[in-house]
Amino acid sequence: MNSQGIRRSDRIVLELPLQISGADVNGLGFLEDTQTEVVSRHGARILSRHRMARDQELVVLCLTTGKEADARIVGQLGEGSKGYSYGVEFIDPEANIWDIDFPPLTESEQAIARALLECTRCHSRELVYLGALEAEVLEVSKSLSRPCKRCADTGLWKLSMTELPGPQLAQPTDPSTILADSGGSAGRTPSERKEVRSWVKMTACIRHPYLGEETVTTESASRNGFSFRSSKGYGTGSLVDVALPYTRGGANIFVPARIEHGNELPGESLASYTVSYIPIHRGWPIR
């Protein structure tokens, strides 16, 4: 969320209670209790009942952590029954009022999945990039054993949830039912086409600007993307946002991706699709 329209960190769908103060477009001061819709390392998407102008400054206080920071309005992102939705950016790039540890974005290129995990002892939260084995363990047990900087010890970490906990994720099934990877496409490099895919069955979410949101189960996954089945007609080259893993009511992390190709399955009303992540060096647009 910045003035150049390029993402500088992963974004987490997370509702946190806020108190914001500033002035509306008419210059009238206000103090409002509200919430985030999405948080990132450098800002958030927030709700407000007040109409505000681009580049207007305000103070954002996170009621969960008790920390505040000066921010500016990057732009209005929407309008609904709860008010206006704004993208805000912290003026101090080092501000971290969410108390979430965001790793360098470049590390995400080696990840199969992304998750916001919380230490069960001290409740520290970290955005974690997962390999295939870690992703499968998290899918089955909903927890991981990993070191905690604050506890200075290894402990149990669980998925961090939003206000509404969702149902349990589906258990992995027999890998023999998984389709083989259908190969590369013209838009991918030879090294990307040779990327080894793991037989990882995880719950994912696909967000398409016209077809809406769909929860799917991956058939295979790699650091470049994953394959899945769907009855929806995704067009080759379609831009989507995807979350892997995905939990209804969870603090899910959506990243930009592209539908590479789809193959109709004989005798079924489904098609097998391959989706590839958009590399960060190409710029992540705000959608």
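Residues numbered from 1 in each chain as written. Predicted model: local features only at pLDDT ≥ 70, side-chain atom pairs only at ≥ 80, totals over all residues. Heavy atoms only, no water.

**Q** Honestly, the nonpolar core in this entry has me stumped. Any pointers?
**A** A general trend in soluble globular proteins is that nonpolar side chains are found buried together. Within the largest apolar cluster, 33 residues are counted, with the highest numbers of intra-cluster contacts made by Leu-130, Ile-206, Phe-226, Phe-228, Val-242 and Val-275. Discounting residues that sit within four places of it in the chain, Phe-228 has contacts with Ile-206, Val-216, Thr-217, Glu-219, Tyr-234, Ile-259, Ala-271, Ser-272, Tyr-273 and Val-275. Core analysis: the second largest hydrophobic core is formed by 32 residues, Leu-14, Val-60, Cys-62 and Leu-127 among them. (Core = buried A, V, L, I, M, F, W, Y, C linked by side-chain atoms within 4.5 Å. Buried < 20%, exposed > 50% of the residue type's maximum accessible area, 1.4 Å probe, protein only. Contact = heavy atoms within 4.5 Å.)

**Q** Is there a simple way to explain the state of the cysteines in this structure?
**A** Joining two cysteines, a disulfide is a covalent bond between their sulfur atoms. Counted under the stated rule, the structure contains zero disulfides. Of all cysteine sulfurs, the one in Cys-122 lies closest to Cys-119, which takes part in no disulfide; the gap is 3.8 Å. (Disulfide = S-S within 2.5 Å.)

**Q** Mind showing me how you'd approach the pairing of strand β11 (residues 143–148) here?
**A** On a regular strand, each side chain points to the face opposite its neighbour's, so the side chains alternate between the two faces of the sheet. Relative to strand β12 (residues 153–159), β11 is paired through six bridges, and the arrangement is antiparallel. Within the sheet, the bridge partner assigned to Leu-144 lies in β12 and is Trp-157. Counting the residues in the hairpin turn of β11 and β12 gives four residues, including Ala-152, whose phi is positive at 55 degrees. (Pairing = 2+ DSSP bridges. Helix = DSSP H or I, 4+ residues; strand = E, 2+ residues; numbered from the N terminus.)

**Q** Please explain the pairing of strand β2 (residues 17–23) as it appears in this structure.
**A** When β2 meets strand β3 (residues 29–40), the two strands line up antiparallel, connected through seven bridges. Of the residues in β3, the one forming a bridge with Ile-20 is Glu-32. Joining the antiparallel neighbours β2 and β3 is a turn of five residues, in which Gly-27 adopts a positive phi near 85 degrees. With four bridges connecting them, β2 and strand β5 (residues 57–62) associate as antiparallel partners. Residue pairing across strands places Leu-18 opposite Cys-62, the latter belonging to β5.

**Q** Just to check I follow, could you spell out unusual backbone geometry for this structure?
**A** Working note: non-glycine residues mostly have negative phi, and peptide bonds are mostly trans. Cis geometry is adopted by the peptide bond preceding Pro-245, which originates at Leu-244 and carries an omega value of 0 degrees. Backbone geometry places His-123, a non-glycine residue, at a positive phi of 65 degrees. Position of His-123 relative to the elements: it lies in the loop between β9 (113–119) and β10 (125–130). The backbone of Ala-152 shows a phi angle near 55 degrees, a positive value even though the residue is not glycine.

**Q** Honestly, helix α1 (residues 132–141) in this entry has me stumped. Any pointers?
**A** Since the α-helix packs 3.6 residues into each turn, any two residues three or four apart lie on the same face. Within the span of α1, buried status applies to Ala-132, Ala-135, Leu-138 and Glu-139. The arc enclosing the buried residues of α1, seen along the axis, measures out at 130 degrees, which places them on a common side. The inward-facing, buried residues of α1 abut β9, β10, β11, β12 and β13 (203–208). Residue Lys-142 follows α1 closely and has a positive phi angle near 65 degrees. (Arc of directions from axis to C-beta.)

**Q** What is the right way to look at the packing of aromatic side chains in this model?
**A** How two aromatic rings sit relative to each other is given by the distance of their centres and the angle of their planes. Counted according to the given criterion, the structure contains eight aromatic pairs. Ring geometry for Phe-226 against Phe-228: centres 6.1 Å apart, planes inclined by 55 degrees, an arrangement best described as tilted. Judged by its relative accessible area of 0%, Phe-228 falls in the buried class. Through successive ring pairs, a cluster of aromatic residues spans Phe-226, Phe-228, Tyr-234, Tyr-273 and Tyr-277. A cation over a ring is seen here: Arg-114 above Tyr-277, with NZ or CZ 5.4 Å from the ring centre. Its end group placed over the ring of Phe-254, Arg-207 keeps NZ or CZ at 3.8 Å from the ring centre. (Phe/Tyr/Trp six-rings, centres within 6.5 Å; stacked < 30°, edge-to-face > 60°. Lys NZ or Arg CZ within 6 Å of the ring centre and 35° of its normal.)

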